[in-house]
Amino acid sequence: MSDLLRRLRGRGWRVTSQRRVVAEVLDGDHVHLTADEVHARAAERLPEISRATVYNTLGELVALGEVVEVSTDGRAKRYDPNAHRPHQHLVCSGCGAIRDVHPTGDPLADLPPGERFGFAVSGAEVVYRGLCPSCATA
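Residues numbered from 1 in each chain as written. Predicted model: local features only at pLDDT ≥ 70, side-chain atom pairs only at ≥ 80, totals over all residues. Heavy atoms only, no water.

1. Notes on the overall build of the chain
- A count of helices and strands for the chain gives five helices and six strands.
- Secondary structure of the chain in N-to-C order comes out as α-α-β-α-α-β-β-β-β-β-α.
- For the chain, with 138 residues in total, the buried portion stands at 31%.
- The contacts of the chain with a sequence gap of at least 6 include a subset with a gap of at least 24, amounting to 47%.
- Looking at the chain as shown, the accessible area adds up to about 8,400 Å², and 50% of this sits on carbon and sulfur atoms.
- The averaged location of the 18 negative side-chain charges in the chain is 4 Å from the averaged location of its 17 positive side-chain charges. (Helix = DSSP H or I, 4+ residues; strand = E, 2+ residues; numbered from the N terminus. Buried < 20%, exposed > 50% of the residue type's maximum accessible area, 1.4 Å probe, protein only. Contact = heavy atoms within 4.5 Å. Areas by Shrake-Rupley, 256 points an atom, 1.4 Å probe, with all protein chains shown as cover. Lys, Arg positive; Asp, Glu negative; His and termini not counted. Charge placed at Lys NZ, Arg CZ, Asp CG, Glu CD.)

2. As for the sheet that holds strand β6 (residues 127-130)
- What the three strands build is an open sheet, ordered β5-β4-β6; its pairing is mixed. Because the sheet does not close on itself, it has two edges, and the strands there are β5 (98-101) and β6. The average angle at which neighbouring strand axes cross in this sheet is 25°, direction not considered.
- With four bridges connecting them, strand β4 (residues 88-92) and β5 associate as antiparallel partners. Paired with Leu90 across the bridge in β5 is Arg99. (Pairing = 2+ DSSP bridges. Axes fitted to C-alpha atoms, helices over the stretch in contact; angles between N-to-C directions.)

3. A few points about the nonpolar core
- Counting 21 residues, the largest nonpolar core has Val22, Leu26, Val38, Leu58 and Leu61 as its most contacted members.
- For this core, the elements supplying multiple residues, two or more each, are α1 (3-10), α2 (17-25), α3 (35-45) and α4 (51-64).
- In terms of residue count, α2 provides more of this core than any other element does, four residues in total.
- With near-sequence residues (within four places) excluded, Val22 lies in contact with Val38, Ile49, Val54, Thr57, Leu58 and Leu61. (Core = buried A, V, L, I, M, F, W, Y, C linked by side-chain atoms within 4.5 Å.)

Below, the structure is given as structure tokens:
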């Protein structure tokens, strides 16, 4: 059983066959699929699943805090099931591939008090950009 599905069942989330398939598709490390990619993979397992069901399920998972919506450079939103372990993202400027990274240090500590402008800062999102090995050799 996927880690995401286990967490959802632990929360009492009603697991229908459609919801189960979406959760299973999102299982794994470095998963950052678009809604259309989730739908295509889910339809391979459950051909009758509708695009609307996938979008609604992804919306529910984001609202529950079990999946994070990731947007980079105006590209399609991607869905990251690694919602409970703090991490940042490494994004390929060529193909748009996304990898989870776990840098050491605290990005909040890097923001000097004079640059906080009175904000009570509660989080930071850092995106590292570059070219993946495939794009770099192309």
